[in-house]
Amino acid sequence: MRRLIISADDFGLSEEVNEAIEIAHRDGLLSTASLMVAGPASLDAVRRAKRLPNLRVGLHLVVIEGDTALPGATIPAIATPDDRFGTSQLGLGVSYFFRPAARRALAREIEAQFRAFLASGLSLDHANAHKHMHLHPTIGRLLIETGGHYGLRHVRTPSEPAGPLSAAETHLDSLGASAMRRWCGILRHQIARAGMTTNDSCFGLAWSGQMRPGRVAGLVPHLPEGLSEMYFHPALEQNALLKRLMPYYDQRGEFDALVSPEVREAVRKSAVTLCDWSGRPVATP
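Residues numbered from 1 in each chain as written. Predicted model: local features only at pLDDT ≥ 70, side-chain atom pairs only at ≥ 80, totals over all residues. Heavy atoms only, no water.

1. Remarks on the overall build of the protein
What the protein contains, in helices and strands, is 11 helices and 7 strands. Over its C-alpha atoms the protein spans a radius of gyration of 18 Å, differing by no more than 12% from the 19 Å that the globule rule assigns to 285 residues. With respect to the principal axes defined by its C-alpha atoms, the protein has extents near 55 × 40 × 35 Å. Counting all 285 residues of the protein, 55% fall into the buried class. Taking the intrachain contacts of the protein between residues at least 6 apart in sequence as the baseline, contacts between residues at least 24 apart amount to 75%. Here the protein displays about 12000 Å² of accessible surface, and carbon together with sulfur accounts for 55% of that area. Taking the 31 positively charged and 29 negatively charged side chains of the protein as two groups, their mean positions are separated by 5 Å. (Helix = DSSP H or I, 4+ residues; strand = E, 2+ residues; numbered from the N terminus. Rg over C-alpha atoms; globule rule 2.2 N^0.38 Å. Buried < 20%, exposed > 50% of the residue type's maximum accessible area, 1.4 Å probe, protein only. Contact = heavy atoms within 4.5 Å. Areas by Shrake-Rupley, 256 points an atom, 1.4 Å probe, with all protein chains shown as cover. Lys, Arg positive; Asp, Glu negative; His and termini not counted. Charge placed at Lys NZ, Arg CZ, Asp CG, Glu CD.)

2. Here we look at a nonpolar patch on the surface
Nonpolar side chains collect at one region of the surface, where L90, V94, F97 and F98 lie side by side and expose about 450 Å² of accessible area between them. Here L90 shows up in helix α3 (residues 89-98). (Patch = residues over 30% accessible without salt bridge, like charges linked within 9 Å, V, L, I, M, F, W, Y side chains within 5 Å. Salt bridge = Lys/Arg side-chain N within 4 Å of Asp/Glu carboxyl O.)

3. Focus: the nonpolar core
It is characteristic of soluble globular proteins that their nonpolar side chains tend to be buried jointly. By size, the foremost hydrophobic cluster in this structure holds 81 residues, and its most contacted members are F11, L35, Y96 and M230. Looking at this core, the element that brings in the most residues is helix α4 (residues 100-120), giving 7 residues. Ignoring any residue separated from it by four or fewer positions in sequence, one finds F11 in contact with V17, N18, I21, A33, S34, L35, M36, A45, A49, L55 and V57. (Core = buried A, V, L, I, M, F, W, Y, C linked by side-chain atoms within 4.5 Å.)

4. A look at unusual backbone geometry
Even without a glycine there, the phi angle at E65 is positive, about 45 degrees. On the secondary structure map, E65 appears in the loop between β3 (56-61) and α3. Despite not being glycine, H132 shows a phi value in the positive range, around 55 degrees. Tracing the sequence through the fold places H132 in the loop between β4 (124-129) and α5 (137-148). Since its relative accessible area comes to 14%, H132 is described here as buried.

5. Some points on α5
Along its 12 residues, α5 runs 16 Å from first to last C-alpha, staying within 8% of the 16 Å computed at 1.5 Å per residue. For α5, the complete set of buried residues consists of T138, I139, G140, L142, L143, I144, T146 and G147. (Expected span 1.5 Å × (residues − 1).)

6. Some words on helix α1 (residues 15-27)
Between the first and last C-alpha of α1 there are 18 Å, a value that for 13 residues agrees with the 18 Å anticipated at 1.5 Å per step. Of the residues making up α1, those classed as buried are V17, N18, A20, I21, E22, I23, A24 and H25. On the buried face of α1, the contacting elements are β1 (2-11), β2 (32-35), α2 (42-50), α9 (240-245) and α10 (251-258).

Encoded structure:
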């Protein structure tokens, strides 16, 4: 049986993102969104989510290239005084692994983000991390351990099999993808050890920012057996912040895919069941 979660990241990053997520849930196939609790438009995102009772919302943990939940001055080992994380995955990854002060600050910040999600009044559906930073063993462990105290049951594993991509269009498997699979194995072990669940496959990595309607409709028939997640970065338009952070993303194109009749028809014809993180079917408009 092929089951599919259709989700969106960066809920709370901007009102353009939030509006796209609201429309894609109300009028399209989107069932799930991941919230940046310290994002510039997080309060707007929470307000929208509360008027969308069927939208499942989880935590999009931010520990790179984004705003901190704690004042940056209180966690100087990992943040700047203006409450921002750095942008270097390598630099932060090394620091989070080897520096005790950074690990202590990281633990406090992750706790603060889960507390902020709880304070929003939303029900915690799942968790993942911005830039998939929870593949880092330290971050993954802290997300899972801390989340367990807040009722976390489901965590994304960003494991994207090359076969379905190659079947949909030409795709070359890379050395980086092979390394990603090894890190995903570690994360799966952490999730299973905590008694939580995860997806079997994930789509949106190789084509990140370029998940347009035709491409997505072409991928759907080739989805593997089991539980897949297909995640998007929708926005109605790119404001200055989105252009700076994701200049090459076609976020409007990704929104179009979520409301596309072509994608909806591909799901129907392929007998793919749209579901939530518990595997339960979800209703679509």
